Structure formats: C-alpha cells, structure tokens
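# Report on the structure
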Amino acid sequence: MPNSLGLVPLTIVRIIVACFFSIGFVSYYQRYWIDTFTNQKLSPRTQMWRRGYLLVLPILLSGTIYLATTLTLAGEAAVIYYNWSLFVLVVPFFYQKFGRVELGIQVLAFVLLWYVRHAPNFTTFPVLGGLVAACGILAVLKNLQRFGGYYWFVSCLCSLGMALLFWLTVPAHTLGAHTTPQMIQEGIFMFTVMLVFVLLYWERLARVDINNYHMQQIANYDQMTSSDTLETYQHELTDFFTQARAEKRALTLVSLDIDHFKQVNEQFGHLAGNAVLIGVAATIDDTLQKFDVEQKMYRTGGEEFNIVFPGRTPAQVLPIIRECWQAVRKREYSYAQRQIAVTMSAGMTAIAPTDISIDDAYKRADDSLYKSKRTGRDIISVNQEVIAIDQTTLVRDAAKFSFFAQGIYDISQPGNPRFYNELLLRTYDSIQQRWILPDDFEISAHLQTILLRRVLENSDLRNLNMNLTAAQFADRDVAAVLTSFAASADGPDNMTVEITDILDLETTRRISAIYRSAGVKILIDDVGSDNSFELVHSALRYVNGVKFAMQNLRKTNNPEQMRERIQFWVNVARDNQMSFVLEGVENDADLAMAHELGVAYVQGYKFGKPAAVE
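Residues numbered from 1 in each chain as written. Predicted model: local features only at pLDDT ≥ 70, side-chain atom pairs only at ≥ 80, totals over all residues. Heavy atoms only, no water.

### Considering the overall build of the protein
Within the protein, the regular secondary structure consists of 21 helices and 20 strands. The buried share of the protein, taken over its 614 residues, is 48%. Taking all contacts inside the protein whose residues are at least 6 apart in sequence as the whole, residues at least 24 apart take part in 69%. Of the accessible surface of the protein, which amounts to about 29,700 Å², a share of 57% is contributed by carbon and sulfur atoms. (Helix = DSSP H or I, 4+ residues; strand = E, 2+ residues; numbered from the N terminus. Buried < 20%, exposed > 50% of the residue type's maximum accessible area, 1.4 Å probe, protein only. Contact = heavy atoms within 4.5 Å. Areas by Shrake-Rupley, 256 points an atom, 1.4 Å probe, with all protein chains shown as cover.)

Next comes the structure, spelled out in structure tokens:
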C-alpha cells in the first residue's frame, strides 16, 4: 500500500506531462488542418501535399514513439509513451474533410498499432472484439460534435472505453516488453484523463480558431469575390465544356442562390450577411464531400454559387443538390450571438448537342434558377421545371404572412351588400409588433394558396379578389396553381385577380385566357392614375373590369375634375361591358357622387379599413 500511494504523485506528474505534450500536438495539428482545408489561396497541388503531411505525421510520430519506447524503456515509465503513440493516431479522427482513402489509411495505422501491442494474443476473441469496439469509438469521435449538449458525457465514455479496450487486452509480454497489472491500471487512468482533458481543450480551440478564421473571411469577403474569381470560373467552365464535347461526356451545371439575402443584410448588417455567405458555402462544401463525385464549386456573385459536375447528368446530380438544399435549410448561421436561418433556390441543366458554347447551358441554368426564385424560392428547378418544393418550409413561411380583407360593396342593391373581398398581403413585424406591408409581394403561388385556404377556413368570405405583381401575372405556373385552387372543392365561390402593371399585349392575351377558361376574372387596378387609357385600352378586351383609385388623385384634382375622370372610366367600362369599381370612397359625399354617376361597386374607408381575417 505505501508503495502504491507513493506512486500517486508520480502518476499525476506523468499525466500533466502527457497532457501538455498532447495539447501541443493538437494545437499544431489544428492550425495546420485549418490552413490546409480552408485557405482558398492554396493551389490544388499544395493542398494535396499538405493533406499528405496531415495523414503521415501522426503515423510516423506514433510509430517512432512506440519503437523508441520498446527499445529503451520498461515498466511504468513506458506507459506514458505507449499512451502517446495511441493518442496521436486517434487525433485525426477528430477532424472532418478527409477523404475515404485517407480515412482508410488512418484506420489501418490504428489497427497496426493495436496488432503490434497485442501480437501474442491478437487472434483471440477479446482482442479482436476490443479492436472492433475501438473502431466504433473512433467513428463516434469522428462525429462527436453532433452530440451537442451531451458532448462532455460522450467524450468521457469514449475516453474510458478506448482505455479499457486497449489496456485490458494487452498481453503480459509483447516484443520483449513486460506489462504488469499496475501498468495496466496506470495506463487506463492516464489515457482516460488525458483524452478527456485534451478533447475538451480541442473542442474549445477548434471553436476559437474556426471562428477567428471565419471573422477574417467575413472582413475580406468582398476581396474574395472579386472579378478575378468570375473570370476564372468563366475560363474553367469553357474548358469543362470543351473537354465534355471532345469526350462525349455529360456535364451538368447548377446555379444556387440564397433566398431573401437582401433582407439578411438589411436586418443584421453586411458582416452578418458575409457570415451567412461563408457558412452556406461551408455547408454546401461539406455536403458535397459526402459524395464520391467529381465536382467544382465557385462563388460567382454576391449570394450566388455555381457548381459544375463533369460526367454527370441532372438525374444523377439531383440527389446531391437535394441534400445540399436540405442541409442549408436545417442549419442556422451565427453572427454576434444571433442565429440566422436561410433557404436556397437552385436551377440545373446539362449541356445539349445544340449548344454552341457553354454560355447556352449557363443561360438555361440561370433561367431555371430564376424560375425557382419567381415561383416562390426555396425550390429546385431542372430545365425550368419545378422539381422540389418543401411543404414544411411553406407552412413555416405562411406563419409570417396574413391576408387582410377589405370589402367591395354593391351600392345598387338595398343595404349595400358586400359583393367581393379584396385580400391585401401583410407581414408581421416583431419589432413594431404589428402587421405591415411586406418588402416583397412576390410570394409563391403555393404559399398564396395556403394563405387563401386559411382565409376560407377562418371566415365566411367566399368571393375573393387578390393582387398579383406583373411577374406573377406573366407566370404560367402561377396561373396554373391559382386556377387549380379556384376550381377545387375547397376553393372560393368566385375569384378575381387584380393587376396593377399592364404587360405586353401578347402576354396579356395568353395569360388572361388561362384565367378566363377557369372562370377566374381579371381586374385592372389604378386606371386613370398609374394606368392611363392609352396604356390599357388594347388590353380591355381580355379583362373583366377596371378599378379607379380616388385616393391616388385627391391631391392633384379638384372635385369637378375628379368627377370627370370617374365618369370617363365609367363610360369606358360600360362600352366594353366590364365591371367598374370605385376605390377610395371615404365619406357620404364620395358615396353620393358614386350614386349620381351610376357606379355599382365601391370600396373604401367609408365601409371600413382592411381587417385581419379571423
């Protein structure tokens, strides 16, 4: 007992020394790993040599320590060095981004050390079983960050488990080295304490180093996305195209764009926006590394990324992009103790036999990306065909919006019954704690139908009038979604779409036919102010009505001028057999004028302000 107690201080000294050595090694390995895998200024050749160094260093160091210990030391003094040799082989499993071949070599080196230390009884069940279990622990260490709040508990179990498996199966004699029960006890205790301590230090060090690196990237982001990057991309893309044509191989292009990135900059600041850009790039890169496919990613704009997949078709690439798309959605990006969630839109295409240059394919990829953005964002489109929409995200986004309803009344009938209900889009501002006008009215048709169903479920409104931007009205897919909803069993009794901006005549004719064939009416808003007769007269044959907004002209027209303008448009509507709505009726005088001019439908504060649909 006295001898045993006398060894306790010496064991503690050995543990302290082991920890300092291990911390020094981890610190060096950590910084070298970060510079190798995150420094974009390194050439591919330099990065390859650096990765080789990161692979070989632990193996050579472990082997040197083990061999020197076996030849020169014995007894308790050797325990610390055997633990070191094991530890430096375990360290690379803390880190991501190593390829399958590199990981395989790391595992092989670990198995070799296990064999050398357990050679006399290697084929016994306890040793082989212990080796398999130890490999399982390495897999846990590889994914240790995923355990979140259980990190400390899991790291302690891994450390103790590795120590028990390694030392309890060591034979009494190996290559001339003698192992005593006391050495085994000291080895278990020392390795457990050392690995737990170093793991916690490594986790803190990794967080600080990566955060510092990201802050440096954030500060220099504009320089990172200079025109040289775009020129390099265009040059290399041409090379990819030429090679694919020469070898008659497929080539798929993917354009990715962060949704509502302008709002991130406006709400959190440009440095936060840069942090999100860098975080999204890292997420995409990490996801791409999971797939054993040739690819190259570029940052070609503020919030736009492009990926080239040589030798792959869109069908082969789609599962990869889906996983990138989902990975971005599931992550939150940190800046100044704020958590920022974003989504991503994607457009994809492949080179075609008819392509004269890579620009033809790039334009199709860009058009597909625009399709995803125009259809509502957070969408993947292939050759302008929508492929993937996440319903969970739609439901989540729907919580940010609401339709407010304002009645349109038929004053030609006794009691002025409500004839229609205009739905006005609002978004909730958590800072002001009230509903406000959204910055962007171009929400997807799928999101609009969710909001429309909510209106119908939570109110007795059945005749609905909704507003569309020019881009939404021109989109065939929006028309298809809305007309399908209008014709569905749970749709409204009557539906009208209201447009402010008049498109070219051919687009107006083509799109209006889709709505009219489904029984959906079309109304031109703000005639007489934003939309003059000269601008809209050729489109009148394709619509069902016009709306005159008095509030737009009150400051520039006296009552008599206002009456003349309204009378003109009442006559236009009557001559073209269209309905006419007078908007901006605020008092009894406005209502009386409407009666005098033969107006049937009115809207305005006289009958109530827009109200949330309950």
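Next comes the rest of the write-up.
### Focus: the nonpolar core
One recurring pattern in soluble globular proteins: nonpolar side chains tend to sit buried together. With 61 residues, the main nonpolar core has Tyr-515, Phe-548, Ile-566, Phe-580 and Leu-582 as its most contacted residues. Dropping the residues within four chain positions of it, Phe-580 is found in contact with Val-546, Phe-548, Ile-566, Trp-569, Val-570, Ala-573, Val-599 and Tyr-601. Residues Cys-19, Leu-57, Ile-80 and Leu-141 belong to the second largest nonpolar core, which totals 56 residues. (Core = buried A, V, L, I, M, F, W, Y, C linked by side-chain atoms within 4.5 Å.)

### With respect to the pattern of salt bridges
In total, this model carries 19 salt bridges according to the counting rule given. Across the pair Asp-590 and Arg-554 runs a salt bridge, and its minimum N-O distance is 2.7 Å. With Asp-590 in helix α21 (residues 588–596) and Arg-554 in the loop between β17 (545–549) and α20 (559–575), this residue pair connects regions lying 36 residues apart in the sequence. Under the relative-accessibility criterion, Asp-590 is labelled buried at 8%. With a relative accessible area of 31%, Arg-554 lands in the partly exposed category. (Salt bridge = Lys/Arg side-chain N within 4 Å of Asp/Glu carboxyl O.)

### A few points about the packing of aromatic side chains
Here the structure, examined in full by the defined rule, presents 18 aromatic pairs. Between Phe-419 and Tyr-601, the aromatic rings sit 4.2 Å apart at their centres with planes inclined by 15°, giving stacked as the arrangement. With Phe-419 in strand β12 (residues 418–429) and Tyr-601 in strand β19 (residues 601–603), this residue pair connects regions lying 182 residues apart in the sequence. Look at Tyr-601 and you get buried, because its relative accessible area is 19%. Among the aromatic residues, those joined into a ring-pair cluster are Phe-110, Trp-114, Phe-166 and Trp-167. Above the face of the Tyr-82 ring, Arg-117 is positioned so that its terminal group lies 4.0 Å from the ring centre. Positioned above the aromatic ring of Trp-325 is the side chain of Arg-329, whose terminal nitrogen or guanidinium carbon lies 4.1 Å from the ring centre. (Phe/Tyr/Trp six-rings, centres within 6.5 Å; stacked < 30°, edge-to-face > 60°. Lys NZ or Arg CZ within 6 Å of the ring centre and 35° of its normal.)

### Concerning empty space enclosed by the protein
Taken as a whole, this structure holds two cavities of 30 Å³ or more when the rule is applied. The volume enclosed by the largest cavity comes to roughly 50 Å³. Lining of the largest cavity is provided by Phe-240, Gln-243, Ala-244, Arg-249, Ala-250, Leu-251, Glu-294, Pro-310 and Gly-311. When residues in the lining of the largest cavity are grouped by element, the largest group, three residues, is from helix α9 (residues 227–247). When its residues are assigned to classes, the lining of the largest cavity shows five nonpolar, two polar and two charged. The computed volume of the second largest cavity comes to approximately 30 Å³. For the second largest cavity, the full set of lining residues is Leu-55, Pro-58, Ile-59, Leu-89, Pro-92, Gln-106 and Ala-109. (1 Å grid on protein atoms, 1.4 Å probe; cavity = no way out; pocket = protein on both sides within 12 Å on 5 of 7 lines; lining within 4 Å. Points joined across faces, edges and corners; volume = space filled by probe spheres on them. Nonpolar A, V, L, I, M, F, W, Y, C, P; charged D, E, K, R; others polar.)

### Some remarks on unusual backbone geometry
A positive phi is found at His-260, a non-glycine position, where the angle reads about 50°. Mapping His-260 onto the fold places it in the loop between β3 (251–258) and α10 (261–268). Located in the positive-phi region is Asn-383, a residue other than glycine, with phi close to 50°.

### As for the confidence of the model for the protein
Within the protein, residue pLDDT values average 84, and 89% of them lie at 70 or more. Put simply, helix α8 (residues 221–224) is where the protein has its lowest mean pLDDT, 45, and β19 is where it has its highest, 97. In this model, residues 218–228 is a region of pLDDT below 50 whose contacts with residues beyond four sequence positions or in other chains number 15 contacts. (pLDDT = per-residue confidence, 0-100.)

### Describing the side chain of Ser-372
By the secondary structure assignment, Ser-372 is in helix α13 (residues 358–375). Sequence-distant contacts of Ser-372, defined by excluding residues within four places in its chain, comprise Ser-345, Ala-346, Arg-377, Ile-379, Ile-380 and Ser-381.

### Quick word on helix α12 (residues 314–330)
Spanning 17 residues, α12 covers 24 Å between terminal C-alpha atoms, matching the ideal 24 Å at 1.5 Å per step. For α12, every residue scored as buried is listed here: Pro-314, Val-317, Leu-318, Ile-320, Ile-321, Cys-324, Trp-325, Ala-327, Val-328 and Arg-329. (Expected span 1.5 Å × (residues − 1).)

### Focus on the packing of helix α3 (residues 79–90) against helix α4 (residues 100–117)
Between α3 and α4, the shortest axis-to-axis distance is 9 Å and the interhelical angle comes to 160°. The angle between the axes of α3 and α4 places the two elements in the roughly antiparallel class. The crossing of α3 and α4 is left-handed. Every residue of α4 that contacts α3 at Tyr-82, Ser-85, Leu-86, Leu-89 and Val-90 is listed here: Ala-109, Phe-110, Leu-113 and Arg-117. Tallied by class, the residues present in the contact of α3 with α4 amount to seven nonpolar, one polar and one charged. (Axes fitted to C-alpha atoms, helices over the stretch in contact; angles between N-to-C directions. Parallel < 35°, antiparallel > 145°, perpendicular 65-115°, else oblique. Left-handed = near helix turned anticlockwise from the far one by under 90°.)

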